[in-house]
Amino acid sequence: MKSLDELNAIKQEYKSAVLIRTSDYATRIIIGMGNSGIVAGARDILKTIVEEIDREDLNGKVIVMQEARVSRVGCNPVVKIVEDGVKTAVYANVTSDMARRIIKEHIINGNIVEEYLLKENENKEEDK
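Residues numbered from 1 in each chain as written. Predicted model: local features only at pLDDT ≥ 70, side-chain atom pairs only at ≥ 80, totals over all residues. Heavy atoms only, no water.

(A) Representation of the overall build of the protein chain in the model. Counting secondary structure elements, the protein chain contains four helices and four strands. Scanning the protein chain from its N terminus toward the C terminus, one meets helices and strands in the order α-β-α-α-β-β-β-α. For the protein chain, the residues scored as buried account for 39% of the 128 residues in total. For the protein chain, the proportion of contacts with a sequence separation of at least 24, taken over those separated by at least 6, is 69%. Total accessible area on the protein chain stands at roughly 7,800 Å², and carbon and sulfur atoms take up 48% of it. (Helix = DSSP H or I, 4+ residues; strand = E, 2+ residues; numbered from the N terminus. Buried < 20%, exposed > 50% of the residue type's maximum accessible area, 1.4 Å probe, protein only. Contact = heavy atoms within 4.5 Å. Areas by Shrake-Rupley, 256 points an atom, 1.4 Å probe, with all protein chains shown as cover.)

(B) A look at unusual backbone geometry. For the peptide bond that leads from Asn76 to Pro77, omega is -5 degrees, which places it in the cis range. With respect to the element layout, Pro77 can be found in the loop between β2 (62–67) and β3 (79–83). Phi at Asp57 is positive, roughly 55 degrees, even though this residue is not glycine. As for its position among the elements, Asp57 is in the loop between α3 (42–55) and β2. Unlike most non-glycine residues, Asn93 shows phi in positive territory, near 50 degrees.

(C) Structural detail: the pairing of strand β4 (residues 86–91). Sheet topology places β3 next to β4; four bridges connect them, and they run antiparallel. Opposite Val79, over in β4, you have Tyr91 as the bridge partner. Once β3 ends, the chain turns through two residues before running back antiparallel as β4, passing Gly85 with a positive phi of about 80 degrees. (Pairing = 2+ DSSP bridges.)

(D) Structural context of the nonpolar core. One finds Ile29, Ile31, Ile49, Ile53, Val79, Tyr91 and Val94 to be the most contacted residues of the largest nonpolar core, which totals 25 residues. Elements with a minimum of two residues in this core: β1 (27–32), α3, β2, β3, β4 and α4 (96–108). Core analysis: the next-biggest nonpolar cluster, separate from the first, contains seven residues, Val70, Cys75, Val82 and Leu118 among them. (Core = buried A, V, L, I, M, F, W, Y, C linked by side-chain atoms within 4.5 Å.)

(E) Molecular detail of the side chain of Glu52. One can find Glu52 in helix α3. Overall, Glu52 belongs to the buried group, its relative accessible area being 8%. Setting aside residues no more than four positions away along its own chain, Glu52 makes contact with Arg100 and Ile103.

(F) Representation of the sheet that holds β1 within the structure. Spatially, four strands are ordered β2-β1-β3-β4 in an open sheet, and the strand pairing comes out mixed. Edge positions in the sheet fall to β2 and β4, since each of these pairs with one other strand and no more. Averaged over all pairs of adjacent strands, the angle between strand axes in this sheet comes to 20 degrees, irrespective of strand direction. Sitting on the sheet, α4 touches β1, β2, β3 and β4, and the angle it makes with β3 is about 15 degrees. (Axes fitted to C-alpha atoms, helices over the stretch in contact; angles between N-to-C directions.)

Geometric descriptors of this kind do not, in isolation, establish any biological role.
Written as structure tokens, this is what we have:
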């Protein structure tokens, strides 16, 4: 049996984890979670991004979402950054190390990581 303090700590941790996935913010990080995205490791990328947001104390500043329509066959995992008033950036073939760099350089410092961007001529087929 857990004490009331332990239960409150668990509740607070859960609320923080849910908050970054359910609130409405100007900056949205969307992870492509279509079938091919999941197979390519999108769940690990989602976990890495959520951990980085927590580590960098960005809770309440960005929202993390999952969307099947963001996945791109041959380019997964895909991470899409949507910021109000700023051009949307879509990153392709994202690894955990790339995700950490995207959080640091794009989300924190405001600089798009050009070499990670999905190229215009890459497969535009959506994976639903």
